[in-house]
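Listed below are the residues making up each chain.
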Amino acid sequence: GLPTYYGLYSSVAPLYLYAVFGSSRQLAVGPVALVSLLVEASLRLGFVVNFLSHSVVSGFTSGAAITIGLSQMKYMLGYSIKKSHHLNETLESMFANISKFHWGTFVM
């Protein structure tokens, strides 16, 4: 029931919080930084996380899981996969080279 500009303003707040409280000297703001901020907030400032909907937290968790999972597929399949910022390009690279699949690596 809130006006839309509250959402726009609140989306910028994590960026400033990370800039002030983040431990990295090189500022890398993105989903990973936001997830780290959420984890830290839940440990220290648990009440802040209560203002985020379950869908938002679930979306970031799912996105992180997919990103981490796809980055590890080269080790499971036994061949290199072209890195990309787009999911469809990563999947295309993974399935285009499926002939290089190594059973020994997969079983181990």
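So, a few notes on the structure that sits alongside this text. (Residues numbered from 1 in each chain as written. Predicted model: local features only at pLDDT ≥ 70, side-chain atom pairs only at ≥ 80, totals over all residues. Heavy atoms only, no water.)

1. A look at the layout of surface pockets
Inference 1: In this structure, the second largest pocket encloses a volume near 390 Å³.
Inference 2: Residue lining of the second largest pocket: 14 residues in total, with Thr 67, Leu 70, Ser 71, Ser 84 and Thr 90 positioned closest to the centre.
Inference 3: Those elements giving two or more residues to the lining of the second largest pocket turn out to be α4 (54–77) and α5 (87–96).
Inference 4: No other element matches the six residues that α4 contributes to the lining of the second largest pocket. (1 Å grid on protein atoms, 1.4 Å probe; cavity = no way out; pocket = protein on both sides within 12 Å on 5 of 7 lines; lining within 4 Å. Points joined across faces, edges and corners; volume = space filled by probe spheres on them. Helix = DSSP H or I, 4+ residues; strand = E, 2+ residues; numbered from the N terminus.)

2. Digging into the side chain of Thr 90
Inference 1: For Thr 90, the position within the fold is in helix α5.
Inference 2: In this view, Thr 90 contacts Leu 70, Ile 81, Lys 82 and Ser 84; residues no more than four positions away in its chain are not counted. (Contact = heavy atoms within 4.5 Å.)

3. Things to note about a nonpolar patch on the surface
Inference 1: On the surface, a nonpolar cluster with roughly 650 Å² of combined accessible area is contributed by Leu 2, Tyr 5, Tyr 6, Leu 8 and Tyr 9.
Inference 2: Tracing the backbone through its elements, the reader meets Tyr 6 in helix α1 (residues 4–21).
Inference 3: Look at Tyr 6 and you get partly exposed, because its relative accessible area is 44%. (Patch = residues over 30% accessible without salt bridge, like charges linked within 9 Å, V, L, I, M, F, W, Y side chains within 5 Å. Areas by Shrake-Rupley, 256 points an atom, 1.4 Å probe, with all protein chains shown as cover. Salt bridge = Lys/Arg side-chain N within 4 Å of Asp/Glu carboxyl O. Buried < 20%, exposed > 50% of the residue type's maximum accessible area, 1.4 Å probe, protein only.)

4. Concerning the nonpolar core
Inference 1: Counting five residues, the largest nonpolar core is built from Met 73, Leu 77, Tyr 79, Ile 81 and Met 94.
Inference 2: Ignoring any residue separated from it by four or fewer positions in sequence, one finds Ile 81 in contact with Met 73, Lys 74, Thr 90, Ser 93 and Met 94. (Core = buried A, V, L, I, M, F, W, Y, C linked by side-chain atoms within 4.5 Å.)

5. So, α4
Inference 1: Counted at 1.5 Å a residue, the expected span for α4 with its 24 residues is 34 Å, and the 34 Å between its end C-alpha atoms agrees.
Inference 2: If you look at α4, its biggest bend is around 30 degrees, right at Ser 71.
Inference 3: Looking one or two residues past α4, Gly 78 carries a phi angle of roughly 90 degrees, positive in sign. (Expected span 1.5 Å × (residues − 1). Bend = angle between axes of the 7 residues up to and from the residue.)

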